[in-house]
Every structure is written in structure tokens, then in C-alpha cells.
Amino acid sequence: MSIKLLHGAHVPHRKNTADCTPKRMPVEAGTLLTIPVSMNIGAPSKAVVKVNDMVKVGQLIAEPGGFVSSPIYSGVSGKVKKLDEVLLFHGASCQAIVIEADGEQTLYEEIQAPTVTDLPSFIEAVKNSGVVGLGGAGFPTAVKLNVDPAKVDYICINGAECEPYITADTRTMLDDAELLVEGIELLKKYLEPGKVIIGIEDNKPQCVKKLKELCRDLPYVEVNALPALYPQGGEKVMIHNTTGRIVPEGKLPIDVGCVVINTSTLVGIAKYIKTGMPLTEKYVTVDGSAIANPMNVIAPIGMPVKKVVEFTGGYKCEPKKIVLGGPMMGVSVPSDEEVVVKNTGAILAFNEKDARPPKTTDCIKCGRCINTCPLNLMPAHIETAYKLGKGEDLKKLKVNICMECGCCAFVCPAKRPLVQVNKLAKGMLWDYNAKLKADAEKAAAKKAEAEKEAANV
Amino acid sequence: MSKFIVSVSPHITHKDSTQSIMRDVLIALCPAVVASVIFFGWRALLLTVVCVATAIFWEWAFQKLCKRETTICDLSAAVTGLILAMNLPVDLPLWQAAFGTLVAIVVVKQLFGGLGYNFANPAITARVVMLIAFAGTMTTFAPTNFGVDAVSVATPLAAMKSGTVDASILDLFLGNVAGSMGETSALALLLGFGYLLVRRVISWHTPVAFIGTVFVLALAKGGVMFGLAEILAGGVFLGAIFMATDYVTTPQTPWGRVIFGIGCGLITCLIRFFGNYPEGVSFSILLMNILTPYISSWTAKKALGGVDA
């Protein structure tokens, strides 16, 4: 069966660090690490340490604050300096645990591999590993994997890494390939999929080759080299392009028998189950036009961006923009005091020329956004409907399924901020639906009252 | 006060801009300009320069007058001027050309809100207005430099209308026939088409559907040679490649573009075969421009996995 691949944008690759094995950055005594308790989608975690507590590498410092939540472990040894309120870069504030490192990096002595014998114990282990969707989404993985194995037809291992610059997953697939395969075997054992498909963009032939070799004896594994067309790694895109299935609006991948898991996420789980070492550090790609030596770094969670950049050799010119994550979906932050969190895959610093957003001009109706959208949306029309405040049109245009991948804004010759408009339009649609619901309820209440009155007469 | 620029994603964009697209269209029309100079002499270049310069001037002047931001740097006015020039007979008085660009830029484009907001193609609408206003000069065509020695001659289409095909297919292909300056040389226009395709400025859908429809209908009416003559004579290539592919006034989806092209071809043939005018390309595109919003809504894309409420 051949699958007609979804549309996408030919973004530049810029995988300058693909050959760079991640270097573990040393933690100097006195370094302050700030670990926000809210690093993933869902409820914030609850701190279990107090000021002046001594912590070690791999020690639990915050426990899950709800069902959709995740524990947090310290990536350094040292002393809890304070429990502070911090403003996150997306505008919300939350508690943060500030740890002053002692530079010793002493390992927590109670670390031991968990006993995994069946699905519930596997899910428990995934939960305890502290792993969330490391590809960028940051959804707690234990929640995602907690599905009925009878429903699972395919597990897609997402190694697309379609964002420019980032090579953290590339290095994971090359340097931790054995762990990745162990992870695949765990998934096969407990989730019982018919097939495991590893989807990798074909601009990483070395990863395709390596994983094909390692999975030679696993008949249920297929390594699928996908064309390097952004956003190959989007969940719905990955499912469609590897299995041909379409996730309907408002449904989850499991509703069409699929589970998608990022390579680094899976390696994180496999590592915890093998050694008992939870997620405390991240492969981070440091690159961009203002970085002197682009490279991959293993940075503890909570490390300030500035320190990570200093470790790589600093800026080569004055940075004008810092982006956490890839250039297509990453967030530009106001300061390099921001810290590495669980789903930080890259730190990109850009010079003046690359930092300035291009000038926006009027839409010339070229249709590029429409013909590039992987989900067949019509961003130009969504923008018009949004500007006119037409909720009904936005509903028909299905702006709610937009994954904000950025293809439309990338290809737009008029440089219109179409992704941002889609985000705002989603809010408008939300309000519109709420109003419709309220109106309907009001009408129903009125009708019921009228009927009651009629009955009384 | 942050020292970093904070902006919305994506943080990189494609190198193509409105300006670069317009520049590509100008480059793609260069072979046609060269052909017009070869076949019709230096006055072709003079008329072209006047059209482009006045188009830019009107845009600049109107925007100054309305205290709007000047957008002549996006080169869209230059494109309109150049396309209009390609649609004019070489001996047209210069003031009439300047009037044409005034209609195109001010009336059709700026009064509707400028680039992106006009519903009809400025160059085509201006040409139609001129055809009515200056019926004499707009339909007087000089022979080419390699043609008969006469002040004016009939265009191949007019000749065909009266039942005599006098130009060879080779002359029609190269452009050695009477007609509007830029429309006669199919070869030059095809070079431009190739360039636009390679640069991904336009898609093949509209031109192929347009030219294909005209060819098939003419084939049915009068055989292969007649079919070839119908597509090579007159403005089919110029219209299909450069005017029916104007972004603003044509559909945005591939199927919409195919329907648009077929519609243009159909109307062109109806006018040519049954109407009073020998040529129907301008009218066909103008009429299809008006249908564009409907075609767009018929061919709207269906969101992947979208559920109808």
C-alpha cells in the first residue's frame, strides 16, 4: 500500500551538529539551578523538599500533582536554596525549586532499577521515570501509554526530528541506539502492537542505517525513511505518513489504533527501567548564527541557558534573539536567564540580521499557505474570518485542528503571522462555541419554563 | 526592558517575498519584451517603458495623495504596467497608454484597497476599457519588421475569422505576425512559463487547462492545424501564462485553478467562434475573475480528519 504523503514545507535543515556527540557539561560549585514545578502539560508537580534540604543527583524533589502530571528529580547534588515563584516564558507563573550545586554530583544512593513484570508495573515505572514528551509537546508519557493493549495496532517511534538545527534526537538514535531497541522491546512486550514503525526523515541516513542493523532480528519493527518535509514529526502527520490512518477531529491517536512516542522519550524510559536513573538531564542542541561553537550538550534540567551557552564557548556576536526549541515552533524568550526544562530540545541564539521578524505586507492570495498546510486547512481564509470576527466561519474552517506547525507562516511571501492568527482564532472559536452553548441552554430553560406554565394553566 | 527580540513563531521564513515573486514575473516577461523589439522595432521598447513608468507613477502618486504607505517597491505596479504594455499594439499613442495604466492602477487596483484586494485583473480590465475607449488605435496592428510593407495589417485571428489563414504555424510560434506587442511570440512566452515553473511562482494548472481547452475545442471545430493556429494566434499564451495566473484574482487551490483555466478556454472559444470580436482572451479572464469567489468556495479544501458538525 502506498500512502499519499501529506503536504509540508521545505524548510532548511541546518543540522550542523549532527556529527557532534553530546558533551556532558560540568556543574561548578555554586551554580544555581532553577527547576519550575510546571514543565509539562497537566497539573504542576508538588515540591517534596524544603529549604536547606540536601539533595543528590536522581533524588525526587517534586511528586506528581495529579493524574496528568509527572515527578521531578534533581540533576545536581547540592542544597535547596529557596522555593521561589517564577514567571515562565509563556506568561504563567509557578513555583520553582532553586538548588545551589555543590559541584560534587554525588549520585543518590537509593537509585535502583524498578521491577517491571506486567502492564500496570510498566506504566508505574514510566510514571516514576519523570519522562514527558521530550519531542517538545511535554505530555506526561505514562498517561499516553496507559491504553488498552487490545486497541494498539501500531506504535510509531518518532525520529523525524523535522525542526531545523535540532540534532538531539539524531544523537539519541546513534549514541543510545541499544537503549532505544530495549525500549522498543518493552513496548512490544507490554502494549502488544502488531507493528512498530520507526519514522525517520531521510536527511539522517546514518540513523536509518544504524536502526535497520539493530532491528534486523525484530520482525515486527519497520524502519521507515520518510522524505525530509516539515512537519514530518507532527503526531498526526507521522501517523498518516507511516500507517495511512487519519486521526479524526477531537480524537486521540489510540482511537485509530496508534501510539506515537519520540525516540528520546523512549530512551528515557528504557534507561530508567534498566538502571533506575530517572530523567534529570537533557540532550540540548546549541546552535544559531550568534553561537560560536554549535554543539550538543547534556545539560541538567534547571540549568540557565546562559551557562549552557558559556560552556559551548559563548556567543560570537551580540545575540538578539534566543529561541528555546526549534525555529519553527520554538518560543523566543526575553532573557538568557531562562532555564533548560524537560522538553527543551535546543537553544538557538540569532544575530541581529536573523532575529528581526520580516516586514508584513498585504496578502496577495497566492494560496501557498493553503497548498502547504499538512492538515489541509486554509490559513488565508481563517485570517479573513478572524479579522471579521466570524465564529461560524472559523468553525467551518476547522481552525481548532491546527497544530501550529508554522508551515503557512513560513511559506507566506507577505510574511504574515498566520500561526499567531490561528492561535488567536482558536480562542475566538472557543468563545463562540461557549456562547452558542449558553444560548442553547438559555433557550432550553425558557422553553421548559413556558411548558411548565402551559401545564399549570 | 529586554535586550532580546521576542516574536511569534516561526522564527525563520522562506526566502520568497511578494517583491521577489513580482521580480520573477518581470524577468519571465523579458523574452516577450525582446521578441516585441525584434518584431516591432524600438517603439515597442518605448511604449513598454512608458507603461511601466506611468504605472509606478500612478501608484506612487495615488498613495501619496491618500497619505498611504507607498508600496511601489513591491514591484506589483511595474508588473501591471509591463503586462498591459504586452497587450497593446505597437503604434498606440503614448498618452493612451498612460491613460490605460491610470485605469489599471488607480481605478481597478487602488480604489479597491490596493494589492491583494482588487477582484479583477488590473491589466486586463484596463485593456478592455481601452478597447472600448480607443477602438481605432487599439485594433490597428502594424506588420512585423519581416512582414509585408504596409501601414497596418489584419491579425491572424481576424484573418481566420474571415476565413483565410495566411500565417504559417512557424511564424505564429516565433511571433512573426501582427498583433499586440507581447502576445505574438509563443516561443518567448513559453520561455517565461518555464522560468516561472522552475521558480515555483505559478503552478501549471491554469495555463495547461486554458490552452488545452482552446486546443481541444478548436480541434473539434477545424482539425489539428486549426487547433494549433487558434492557440498560437492571439493572446492565449500571454493570457494563460501571465494573466490567468494572477494570484489575487484567481482561485488558490489546484482544482480551482483547473476549473478557472477550462472556463477561460471555453469563453475564449465562444467569443472567437460565435462572437463579433475576433479575440476573446481578455473578456474570458475578466469574466472568470468575477466567478473566482464561487470557484474558491466550490473547491475549498476539506480539513484532514475534520468532522462535519
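**Q** Can you break down the overall build of chain B residue by residue, with the values?
**A** Check the secondary structure of chain B and you find 13 helices and 0 strands. Its helices and strands taken in sequence order, chain B reads α-α-α-α-α-α-α-α-α-α-α-α-α from the N to the C terminus. The globule rule puts the C-alpha radius of gyration for 309 residues at 19 Å, and the 20 Å found for chain B is close to it. Expressed as lengths along the three principal axes of its C-alpha atoms, the size of chain B is roughly 75 × 45 × 30 Å. Out of the 309 residues in chain B, the part that is buried amounts to 58%.

**Q** I'd love a proper account of the domain arrangement of chain A, names of residues and values included.
**A** Residues and elements named next belong to chain A. Taken domain by domain, chain A holds domain 1 (23–275), domain 2 (283–353) and domain 3 (368–444). Summarising the inter-unit geometry, the C-alpha centres of domain 1 and domain 2 are found 20 Å apart. Taken residue by residue, the interface counts 36 residues in domain 1 and 35 residues in domain 2. When domain 1 packs against domain 2, close to 2900 Å² is buried across both sides, 68% of that on carbon and sulfur atoms. Taken as a group, M25, F89 and Y165 account for 28% of the area that domain 1 buries against domain 2, more than any other trio of residues on that side. At the boundary of domain 1 and domain 2, one finds 0 salt bridges. Put simply, domain 1 and domain 2 have 13 residue pairs in polar contact (both at pLDDT 80 or more) between them. Elements supplying a minimum of two residues to the side of domain 1 that touches domain 2: β1 (23–24), β2 (32–36) and α3 (168–175).

**Q** If you had to explain the state of the cysteines to someone new, which residues and values would you point to?
**A** All names here are of chain A. All told, the structure shown has 0 disulfides over all chains when counted by the stated rule. With no disulfide of its own, C366 lies closest to C412 among cysteine sulfurs, the gap being 6.3 Å. Classification of C366 by relative accessible area gives buried; the value is 9%.

**Q** Outline the interface of chain B and chain A, listing residues and values.
**A** Taken residue by residue, the interface counts 39 residues in chain B and 62 residues in chain A. Counting each side, the surface lost to burial between chain B and chain A is near 4300 Å², with a carbon and sulfur contribution of 57%. Across the chain B-chain A interface, the total number found is 2 salt bridges. Notably, a salt bridge pairs D16(B) with R368(A), separated by 2.9 Å at the nearest N-O pair. On the surface where chain B and chain A come into contact, there are 24 residue pairs in polar contact (both at pLDDT 80 or more). Contributing elements (two or more residues each) for the side of chain B that touches chain A: α1 (18–40) and α12 (254–274) of chain B. Considering only residue class, the side of chain B that touches chain A consists of 17 nonpolar, 13 polar and 9 charged.

**Q** I'd like a rundown of the sheet that holds strand β6 (residues 72–73) of chain A, residues and numbers included.
**A** Read across the open sheet, the 3 strands follow the order β3-β5-β6 (chain A); overall the sheet is antiparallel. Across the chains shown, the open sheet's two edge strands, defined by having one partner strand only, are β3 (46–47) and β6 of chain A.

**Q** Please set out the confidence of the model for chain B residue by residue, giving values where relevant.
**A** Residue and element names in this part refer to chain B. On average, residues of chain B carry a pLDDT of 92, and 96% of them reach 70 or more. When the elements of chain B are averaged for pLDDT, helix α7 (residues 156–161) gives the smallest value, 79, and helix α3 (residues 76–86) the largest, 97. Both confidence scores are given for the complex: pTM 0.92, ipTM 0.90.

**Q** Lay out the side chain of D16(B) in plain terms, naming residues and giving numbers.
**A** Counting through the fold element by element, D16(B) comes out in the segment before α1. What makes D16(B) buried here is its relative accessible area of 8%. Engagement of the side chain of D16(B) in a polar contact is seen with the side chain of R368(A), the distance being 2.9 Å. What D16(B) contacts, discounting residues up to four positions off in sequence, is R368(A), C412(A), P413(A) and K415(A).

**Q** Please provide a residue-by-residue account of α1(B), values included.
**A** All names here are of chain B. Here α1 is 23 residues long and its end C-alpha atoms lie 32 Å apart, about the 33 Å a rise of 1.5 Å per residue gives. Along α1, the largest kink reaches about 35° and is centred on C30; proline P31 follows within four residues of it. Among the residues trailing α1, G41 stands out with phi positive, at a value near 90°.

**Q** I'd like a rundown of the sheet that holds strand β11 (residues 221–226) of chain A, residues and numbers included.
**A** All names here are of chain A. As summarised here, the arrangement of the 4 strands in space is β11-β10-β9-β12, forming an open sheet in which the pairing is parallel. Of all strands in the sheet, those with a lone pairing partner are β11 and β12 (258–262), marking the two edges. The mean inter-strand angle of the sheet, taken between neighbouring strand axes irrespective of direction, is 25°. With 6 bridges connecting them, strand β10 (residues 195–201) and β11 associate as parallel partners. Directly across from I197, in β11, lies its bridge partner E222.

Rules and cut-offs
Residues numbered from 1 in each chain as written. Chains lettered and ligands numbered in written order. Predicted model: local features only at pLDDT ≥ 70, side-chain atom pairs only at ≥ 80, totals over all residues. Heavy atoms only, no water. Helix = DSSP H or I, 4+ residues; strand = E, 2+ residues; numbered from the N terminus. Rg over C-alpha atoms; globule rule 2.2 N^0.38 Å. Buried < 20%, exposed > 50% of the residue type's maximum accessible area, 1.4 Å probe, protein only. Domains from an automatic or database assignment. Contact = heavy atoms within 4.5 Å. Buried area = accessible area lost by both parts, 1.4 Å probe. Salt bridge = Lys/Arg side-chain N within 4 Å of Asp/Glu carboxyl O. Polar contact = N/O pair within 3.5 Å; in protein donor to acceptor, adjacent residues only side chain to side chain. Disulfide = S-S within 2.5 Å. Nonpolar A, V, L, I, M, F, W, Y, C, P; charged D, E, K, R; others polar. Pairing = 2+ DSSP bridges. pLDDT = per-residue confidence, 0-100. Expected span 1.5 Å × (residues − 1). Bend = angle between axes of the 7 residues up to and from the residue. Axes fitted to C-alpha atoms, helices over the stretch in contact; angles between N-to-C directions.

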